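Observations on the model geometry
Here is how the chains run, residue by residue.
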Amino acid sequence: MTRAALLLGPLAMTAYGITRIIGRLDDQYGPGADWQLAHLFGLAGMLLFIPIIRHLRAHTRPGPLRETVTAATLLGLAASIIQFSADITQAAIAADRTELRSLQHGFTDLPGVQLAIYDIGPQLFFIGIVILAALTEPLPWWSPVLLLTAVLLAAVDLNLLPLTGLLMLAALHPLTRQPTPLPTATR
């Protein structure tokens with residue numbers, strides 16, 4: 001499962017970015033089939049990053065730094081999963097873009113949701129995966145650099161998400177040749 005996730009997680013992010021760009025070409029993006037397909041790709045990508053994070057953690061030295069970064073990364077991943085799930089659900093309920101925006105505002109206006117699920121939470125995932133990659137022993141020096149570049153590209157412009165996914169794929173690819181370590185008492 002881990003090798004498949006290492007390939008499919010970043011590719012799902014790339015598919016999300018491509019589908020999003022195509023969906024926005026007609027200025028009718030959301031709600032609709034293109035919105036749902038894009039967000040399903042995004043949700044699948046986030047879910048596939050769960051075993052990736054576990055795999056990165058398994059290849060880092062035990063200690064409080066590893067546990068703290070892993071926890072923060074998984075928290076950020078959970079926020080991203082909630083965000084994609086909310087977007088999919090709201091779009092399924094909404095009849096048009098106006099109703100979709102109203103549903104989105106209703107959700108983000110709940111106390112703490114905007115901050116935790118949209119503003120800070122997902123950033124924990126992106127920052128955390130870069131730090132975990134830097135701590136991961138079998139990764140070459142350039143893998144965290146590629147991951148950081150990927151994260152920064154997505155922050156600059158969401159239209160760069162296809163490239164973000166491909167850079168993440170390249171950065172994580174060396175792990176597809178590594179055996180998954182067996183759990184031990186020290187891990």
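The numbers attached to residues start from 1 for each chain and follow its sequence in the written order. Whole-chain, interface and lining totals are the exception, using all residues; otherwise, since this is a predicted model, local features are given only for residues with pLDDT of at least 70 and side-chain atom pairs are given and counted only at 80 or more. Values reported for side chains reflect all heavy atoms of the structure, with hydrogen atoms and water molecules removed beforehand.

**Quick look at the overall build of the protein chain**
Going along the chain from the N terminus, every DSSP run of H or I of four or more residues is numbered as a helix, and every run of E of two or more is numbered as a strand. When you go through the protein chain residue by residue, the secondary structure sums to 7 helices and 0 strands. Mapped from its N terminus to its C terminus, the protein chain presents α and β elements in the order α-α-α-α-α-α-α. Radius of gyration: C-alpha atoms only; globule rule: 2.2 Å multiplied by the number of residues to the exponent 0.38. Computed over the C-alpha atoms, the radius of gyration of the protein chain is 17 Å, within 12% of the 16 Å expected from 2.2 N^0.38 for a compact globule of 187 residues. Looking at the protein chain as a whole, 47% of its 187 residues qualify as buried. By definition, residues are in contact when any of their heavy atoms lie within 4.5 Å. Counted over contacts in the protein chain with a minimum sequence separation of 6, partners at least 24 positions apart contribute 75%. All accessible areas in this document rest on Shrake-Rupley with a 1.4 Å probe, and a residue is counted as covered only by the protein chains that are shown. Accessible area of the protein chain: about 9500 Å², with a carbon and sulfur share of 69%. Counted as positive: Lys and Arg. Counted as negative: Asp and Glu, with His and the chain ends omitted from the count. In plain terms, the charge of a residue is placed at NZ if it is Lys, CZ if Arg, CG if Asp and CD if Glu. Taking the average location of the 11 positive side-chain charges in the protein chain and that of its 11 negative ones, the two points are 17 Å from each other. Exposure is judged per residue with a 1.4 Å probe applied to protein chains only, and the accessible area is read against the type maximum: over 50% gives exposed, under 20% gives buried, and values in between give partly exposed.

**Overview of the UniProt feature "transmembrane region" (unreviewed entry) in the protein chain**
In the UniProt entry, the feature "transmembrane region" (unreviewed entry) is given for residues 33–53, 115–135 and 147–172. Summarising residues 33–53: 100% helix, 0% strand, and an end-to-end C-alpha distance of 30 Å. Split by type, residues 147–172 is 85% helix and 0% strand. Its first and last C-alpha atoms lie 8 Å apart. UniProt positions are given in the numbering used here, feature names are shortened, and annotations may be inferred rather than shown by experiment.

**Quick look at the packing of aromatic side chains**
Ring pairs (aromatic) are described by centroid distance and by the angle formed between their planes. Classification of ring pairs rests on two measures: the distance between centres of Phe, Tyr or Trp rings, Trp counted by its six-membered ring, which must be within 6.5 Å, and the angle between planes, read as stacked under 30 degrees, edge-to-face over 60 and tilted in between. For the coordinates displayed, the defined rule picks out 5 aromatic pairs. Ring centres 5.1 Å apart and planes at 85 degrees place the aromatic pair Tyr16 and Phe84 in the edge-to-face group. With Tyr16 in helix α1 (residues 2–24) and Phe84 in helix α3 (residues 64–93), this residue pair connects regions lying 68 residues apart in the sequence. Relative to Tyr118, the ring of Phe107 lies with its centre 6.3 Å away and its plane at 75 degrees, an arrangement referred to as edge-to-face. One end of the pair, Phe107, is in helix α4 (residues 97–108); the other, Tyr118, is in helix α5 (residues 113–135), with 11 residues separating them in the sequence. Among the aromatic residues, those joined into a cluster by ring pairs are Phe49, Phe125 and Phe126.

**Considering α4**
One less than the residue count of a helix, multiplied by 1.5 Å, gives the span that helix is expected to have. Taking 1.5 Å of rise per residue, 12 residues should cover 16 Å, and α4 covers 16 Å from first to last C-alpha, within 8% of that figure. Polar contact is the term for a pair of N or O atoms within 3.5 Å; when the atoms are in protein, one must be able to donate a hydrogen and the other to accept it, and sequence-neighboring residues count only if both atoms are side-chain atoms. Between a side-chain oxygen at the N-terminus of α4 and the backbone nitrogen of Thr98 the separation is 3.2 Å; the capping residue is Asp96.

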